[in-house]
Amino acid sequence: MTVRAAAKVNLHLGVGAPRPDGFHPLDTVYQAVSLYDDVRVRPAGSWSLDLTAAAHVAATDVPLDGRNIVTRAADLLGVEAEVSIHKEIPAAGGMAGGSADAAAALVALDRLHDLQTSDARLLELAAELGSDVPFALVGGTARGTGRGEQVAPVDDAGSWWWVVVPSGTGLSTPEVYARFDALRPDAAAEPASPDRLLAALASGEPAALAAALRNDLEPAALDLRPELRDVLEAGEAAGALRGLVSGSGPTCVFLCSDGPGAREVAVALRSAYDVVLTAHGPVAGAHVMTEAG
Ligand SMILES: C[C@](O)(CO)[C@H](O)COP(=O)(O)OP(=O)(O)OC[C@H]1O[C@@H](n2ccc(N)nc2=O)[C@H](O)[C@@H]1O
Ligand SMILES: Nc1ncnc2c1ncn2[C@@H]1O[C@H](COP(=O)(O)OP(=O)(O)OP(=O)(O)O)[C@@H](O)[C@H]1O
């Protein structure tokens, strides 16, 4: 059986001052977009894991041992399987590729072994694996609070088009949060609320959404990777409504007016950047693709 899970973009990422446990309080709005990883599981008496990746994914740094988040998901469920991951989501790119794999693995292994884990328990296990993993289960467009793991769907009247420019080299999420702390020693305890973004989503208007996009981690990602400013400028010069660093970066995403608009921006950016993808959102959370006998 194969379970598919989508990448995410944070449309709003409000970040507060670090909590005593080191995590940052978030008020974020996630959107699942149409770049997918697939996790295929087969019955087996022992554990095995292999990985393939689309040409645009630099997956050589993804560990295949007990550190892989899919192995950790199987450990939580206490099951064995023969598992293959196929990645189309940029690795360490700020689009929650590892989190998508974890969510897909939870669903796939639960089904394979007929564990009948409740949705509430799957969400708890997801939160143990990582802050972004519960959203990867749920998909669509959702608000995330706590450290990002408490997710609730929000009204989204639009169908939104994105151009995605991954970077050859990933950024470490803890490093980006540490740079946020260094740049913002005065950060308020409470993260910024997404009210304006939520109103824009409900309007369905691309120009309103473009004006409301916000990522508090963007200055930290740009400080670590100044060249991303050029990427953002190039996308906006090519006609995107707005460019934004995705989550902790370094992937840059560009909101466009519609599908043809996104294709036009993508064509223009391909003259300067090796990998330029288009995607739309919102799309579904982790879901079963095939049930092989
Ligand atoms: C940047 C985002 O992708 C935005 O959605 C997420 O906040 C990151 O989520 P994630 O990759 O699932 O992160 P986790 O695996 O939970 O945490 C990795 C590390 O990121 C930092 N971290 C993560 C989430 C959070 N709310 N505050 C943090 O400071 C911590 O240093 C933590 O040790
Ligand atoms: N299945 C997996 N796929 C990708 N990375 C994994 C996986 N398992 C463990 N990792 C490790 O997690 C790190 C972050 O990978 P991931 O692709 O989830 O980052 P990300 O897209 O920046 O995530 P986020 O947006 O949640 O910060 C990688 O550098 C890798 O070492």
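Within every chain, residues take consecutive numbers counted from 1 along the sequence as written. Throughout, the order in which chains and ligands are written sets their labels, letters from A for the former and numbers from 1 for the latter. Side-chain atom pairs in this predicted model are given and counted only at pLDDT of 80 or more, local residue features only at pLDDT of at least 70, and totals for whole chains, interfaces and linings cover all residues.

- Identification of the chain as 4-diphosphocytidyl-2-C-methyl-D-erythritol kinase from Nocardioides euryhalodurans is taken from an unreviewed UniProt entry.
- UniProt positions are given in the numbering used here, feature names are shortened, and annotations may be inferred rather than shown by experiment. Its UniProt record gives the chain a comment under Pathway (unreviewed entry), which states: "Isoprenoid biosynthesis; isopentenyl diphosphate biosynthesis via DXP pathway; isopentenyl diphosphate from 1-deoxy-D-xylulose 5-phosphate: step 3/6."
- Among the UniProt annotations of the chain, the heading Sequence similarities (unreviewed entry) holds the following wording: "Belongs to the GHMP kinase family. IspE subfamily."

## A short note on the site of ligand 2
For step 1, the next point in the chain: We count a residue as near a molecule or strand when its backbone-placed C-beta atom lies within 6 Å of that partner. Taken together, 23 residues lie near ligand 2, and Ile69, Ala92, Gly97, Gly98 and Asp101 sit nearest.
For step 2, the next point in the chain: A run of H or I in DSSP becomes a helix once it reaches four residues, and a run of E becomes a strand once it reaches two; helices and strands are each numbered from the N terminus. Broken down by secondary-structure element, the contributors of at least two residues to the shell around ligand 2 are α1 (69-77) and α2 (97-112).
For step 3, the next point in the chain: No other element matches the four residues that α2 contributes to the shell around ligand 2.
For step 4, the next point in the chain: Under the convention adopted here, Pro, Cys and the residues Ala, Val, Leu, Ile, Met, Phe, Trp and Tyr are nonpolar, Asp, Glu, Lys and Arg are charged, and Gly plus all remaining residues are polar. Class assignment for the residues of the shell around ligand 2 results in nine nonpolar, 10 polar and four charged.

## Concerning the packing of α1 against α2
For step 1, the next point in the chain: An axis is simply a line fitted to the C-alpha atoms; with a helix, the fit covers only the stretch in contact. Between two such axes, the angle follows the N-to-C directions and lies from 0 to 180 degrees. Contact geometry of α1 with α2 gives a least axis separation of 8 Å together with a crossing angle of 35 degrees. Along this stretch, α1 crosses α2, giving a crossing that reads as right-handed. Of the residues in α2, those in contact with Ile69, Val70, Ala73, Ala74 and Leu77 of α1 are Gly98, Asp101, Ala102, Ala105, Leu106, Leu109 and Asp110.
For step 2, the next point in the chain: Here the contact of α1 with α2 is built from residues that sort into nine nonpolar, one polar and two charged. In this scheme, a crossing is called left-handed if the near helix is turned counterclockwise away from the far one by less than a right angle; it is called right-handed if the turn is clockwise. Here the contact rule is simple: place C-beta atoms from the backbone, and any two residues whose C-beta atoms are within 7 Å are in contact.

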